[in-house]
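Fold and geometry: a report
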Amino acid sequence: CKSPDPSPHLLDLCKELVKEWSSLDSSCFSISTVSGGITNMLLKVSVKEGSDSESSVTVRLYGPNTDLVIDRERELQAIPYLSAAGFGARLLGVFENGVVSSFIHARTLSPSDMKEPRIAAEIAKQLQKFHQVDIPGSKEPQLWNDVFKFLKKASVLKFEDNEKQKRYEMISFREIQDEVKELKDLSDLLHAPVVFAHNDLLSGNLMLNDLEEKLYFIDFEYGSYSYRGFDIANHFNEYAGFECDYNLYPDKDVQYHFFRNYLSDRPSEDLDALYTETNTFRLASHLYWALWALIQARVSPIDFDYLGYFFLRYGEYKKQREFCFSLAQGFLSSLRSG
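Residues numbered from 1 in each chain as written. Predicted model: local features only at pLDDT ≥ 70, side-chain atom pairs only at ≥ 80, totals over all residues. Heavy atoms only, no water.

1. Comments concerning the overall build of the protein chain
The criterion, for reference: What counts as a helix is a DSSP run of H or I of at least four residues, what counts as a strand is a run of E of at least two, and both are numbered from the N terminus. Between the two quantities, the radius of gyration covers C-alpha atoms and the globule rule is 2.2 Å times the number of residues to the power 0.38. Every residue pair with non-hydrogen atoms within 4.5 Å of one another is taken to be in contact. Per-residue and other accessible areas were derived by the Shrake-Rupley procedure at a 1.4 Å probe size, with only the shown protein chains allowed to occlude residues. Positive charges come from Lys and Arg, negative ones from Asp and Glu, while His and the chain ends are left out of the count. Every charge is mapped onto a representative atom, which is NZ of Lys, CZ of Arg, CG of Asp or CD of Glu.
The number of helices and strands found in the protein chain is eleven helices and ten strands. Rg of the C-alpha trace for the protein chain: 21 Å, near the compact-globule value of 20 Å for 338 residues, within the 12% margin. Along the longest, intermediate and shortest principal axes, the C-alpha atoms of the protein chain span 70 × 55 × 35 Å. Taking all contacts inside the protein chain whose residues are at least 6 apart in sequence as the whole, residues at least 24 apart take part in 70%. Split by element, the accessible area of the protein chain, about 16400 Å² in all, is 51% carbon and sulfur. Side chains of the protein chain carry 37 positive and 50 negative charges; the gap between the two charge centres is 2 Å.

Encoded structure:
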């Protein structure tokens with residue numbers, strides 16, 4: 001059993017965590033890359049067992065500088081509770097720049113899978129269960145704290161590349177700050193329920209075992225207490241896929257299909273209220289990832305046009321602003337007069 005020069009440190013770690021592997025020779029292992037996320041890398045470490053079977057674990061390595069946008073302590077505190085509630089892979093161990101967990105036998109969803117009615121219904125039901133997990137500690141919603149923290153860091157960047165610096169200087173942080181404050185004030189009036197939210201439910205963090213029809217949520221690095229509508233809206237924004245085609249954002253009927261499944265154990269809850277809440281936080285999702293992208297533009301070693309991504313998400317925020325603000329204001333005034 002040969003393998004392409006696997007990192008000895010990584011193998012020692014796996015041998016330590018998986019009892020049955022402790023006495024195996026390094027040549028028995030193989031390492032392959034499952035996916036390279038924007039903030040981490042996923043590896044599969046396997047050992048052949050007999051001629052046609054193997055046992056595997058997943059190793060997630062954190063990317064450099066990701067602690068600027070991710071609270072690792074918060075993530076590691078939540079994983080055991082989410083795992084106990086049946087979410088994600090079983091955590092086997094934690095090391096300085098990553099985690100080792102059980103391997104999930106499933107395929108990663110594509111953005112177009114998410115809108116398939118059967119899969120959308122399953123995501124909604126699972127999300128409702130996810131939102132009921134109790135993570136000890138403060139239950140204060142973190143969304144706006146995170147956004148203001150990102151804004152502070154994003155507004156004082158310096159780029160060595162002149163072209164990037166010029167593009168960066170076109171941004172008005174005073175304008176963004178005003179937008180954030182106004183959106184926060186409006187969304188506060190909706191009194192959205194606070195839940196433990198995934199906050200990054202894109203297709204790459206959803207896995208499906210087609211044979212068992214079992215859906216998995218993975219990768220909780222952005223997880224925190226936040227607003228229910230933000231988590232759902234953030235997921236809907238991901239219908240845009242890798243090309244970021246926001247015309248693919250789900251229409252009202254598709255959203256209501258999702259909401260009915262999400263609220264299947266609470267049929268009396270108002271779907272219009274959830275629709276308003278979700279589509280107000282749709283704007284917050286654009287602001288969050290726009291500001292996140294600016295920080296990444298400065299510190300990430302990944303070859304990706306993060307500055308371009310900022311302008312794309314902030315542009316989409318501006319495009320949807322009037323519709324979403326009017327929706328929330330109309331809903332609030334109907335409550336006052338009703």
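Following the structure, the description resumes.
2. Quick notes on the packing of aromatic side chains
Think of a pair of aromatic rings as described by two things: how far the centres are apart, and how the planes are tilted against each other in angle. In plain terms, the rule: A pair of aromatic rings is counted whenever rings of Phe, Tyr or Trp (Trp by its six-membered ring) have centres within 6.5 Å, and the orientation is called stacked for planes under 30 degrees apart, edge-to-face for over 60 and tilted otherwise. A simple rule labels every residue: compare its accessible area, found with a 1.4 Å probe on the protein chains alone, to the largest value its type can have, and call it buried under 20%, exposed over 50%, or partly exposed in between.
Per the stated rule, a full pass over the model turns up 27 aromatic pairs. With 5.1 Å between their ring centres and 80 degrees between their planes, F87 and F130 make a pair best called edge-to-face. With F87 in the loop between α2 (72-84) and β4 (91-95) and F130 in helix α4 (residues 117-130), this residue pair connects regions lying 43 residues apart in the sequence. Residue classification places F130 among the buried positions, given a relative accessible area of 0%. Ring plane angle 80 degrees and centroid distance 5.1 Å describe the contact between W289 and W292, whose orientation is recorded as edge-to-face. Remark: W292 and W289 occur in helix α10 (residues 271-299); sequence separation between them is three residues, near one turn of the helix. As far as burial versus exposure is concerned, W289 and W292 are alike and both buried. Here a set of aromatic residues connected by ring pairs shows up, and it is made of F150, Y222, F230, Y288, W289, W292, F304, Y306 and Y309.

3. Re the sheet that holds strand β9 (residues 214-217)
In plain terms, the rule: Strands qualify as paired when DSSP identifies two bridges or more between them. Each axis is a line fitted through C-alpha atoms, and for a helix only the stretch in contact is used; angles between axes span 0 to 180 degrees, taken between their N-to-C directions.
The strand order β6-β8-β9 describes an open sheet built from three strands, whose pairing is antiparallel. Of all the strands in the sheet, the pair left with one neighbour each is β6 (107-108) and β9. Two elements, β6 and strand β8 (residues 206-209), share two bridges in a ladder whose sense is antiparallel. Paired with T108 across the two strands is M207, which belongs to β8. This element, α4, spans β8 and β9 of the sheet and lies at about 50 degrees to β9.

4. Regarding the state of the cysteines
Stated precisely, the cut-off is as follows: Put simply, a disulfide is two cysteine sulfurs that come within 2.5 Å.
All told, the structure shown has zero disulfides when counted by the stated rule. The cysteine C244 is free of any disulfide, with C324 supplying the nearest cysteine sulfur at 17 Å. Overall, C324 belongs to the buried group, its relative accessible area being 0%.

5. Quick notes on the packing of helix α7 (residues 173-188) against helix α11 (residues 306-337)
Inclusion rule: Here the word oblique covers every angle except those under 35 degrees (roughly parallel), over 145 (roughly antiparallel) and from 65 to 115 (roughly perpendicular). Throughout, a crossing is termed right-handed when the near helix is turned clockwise from the far one, and left-handed when it is turned anticlockwise from it by less than a right angle. When residue character is reported, Ala, Val, Leu, Ile, Met, Phe, Trp, Tyr, Cys and Pro are called nonpolar, Asp, Glu, Lys and Arg charged, and the others, Gly included, polar.
Close contact between α7 and α11 brings their axes to 11 Å; oriented N to C, the two are set at 30 degrees. Judged on the interaxial angle alone, α11 and α7 are roughly parallel. As for how α7 packs across α11, the hand of that crossing is left-handed. Side by side, α7 and α11 meet where E175, I176, E179, E182, L183 and L186 of the first sit next to F310, Y314, Y317, K318, R321, F325, A328, Q329 and L332 of the second. Per-class residue counts for the contact of α7 with α11 are nine nonpolar, one polar and five charged.

6. Comments concerning unusual backbone geometry
Positive phi outside glycine occurs at E213, with the angle close to 50 degrees. Overall, the relative accessible area of 57% leaves E213 in the exposed class. The residue D219 is not glycine, and still its phi comes out positive at about 60 degrees. Counting through the fold element by element, D219 comes out in the loop between β9 and β10 (224-227).

7. Focus: the domain arrangement of the protein chain
Convention followed: The domain limits used here are those given by an automatic or database domain assignment. What counts as buried area is the accessible surface, traced by a 1.4 Å probe, that two parts surrender upon association, with contributions from both included. By definition here, a salt bridge exists when the distance from a side-chain nitrogen of Lys or Arg to a carboxyl oxygen of Asp or Glu is within 4 Å.
Per the domain assignment, the segments making up the protein chain are domain 1 (6-102) and domain 2 (107-337). Using C-alpha coordinates to define each centre, domain 1 is positioned 28 Å away from domain 2. Together domain 1 and domain 2 conceal approximately 2300 Å² of surface at their shared face, both sides included; 65% is due to carbon and sulfur atoms. In this structure, the connection of domain 1 to domain 2 is made through four salt bridges.

8. Some words on the pattern of salt bridges
Applying the stated criterion to the full structure yields 25 salt bridges. Taking the shortest distance from any N to any O, the salt bridge between D146 and K149 comes out at 3.6 Å. Linking D146 with K149, this pair stays in helix α5 (residues 143-154), spanning three residues, or about one helical turn. For K149, a relative accessible area of 40% puts it in the partly exposed group.

9. Things to note about the packing of α4 against helix α9 (residues 252-262)
Where α4 meets α9, the closest approach of the two axes is 8 Å, and the angle between their N-to-C directions is 45 degrees. The pairing of α4 with α9 is recorded here as oblique in orientation. Relative to α9, the crossing made by α4 is right-handed. Along the contact surface, α4 presents P117, A120, A121, I123, A124, K125, L127 and Q128, while α9 presents H257, F258, N261 and Y262. Residue classes in the contact of α4 with α9 are distributed as eight nonpolar, three polar and one charged.

10. Some remarks on the environment of Q329
For Q329, the location among the structural elements is in helix α11. Classification of Q329 by relative accessible area gives partly exposed; the value is 42%. Remark: the alpha-carbon pair of Q329 and S300, spanning 29 residues in sequence, is separated by 39 Å.

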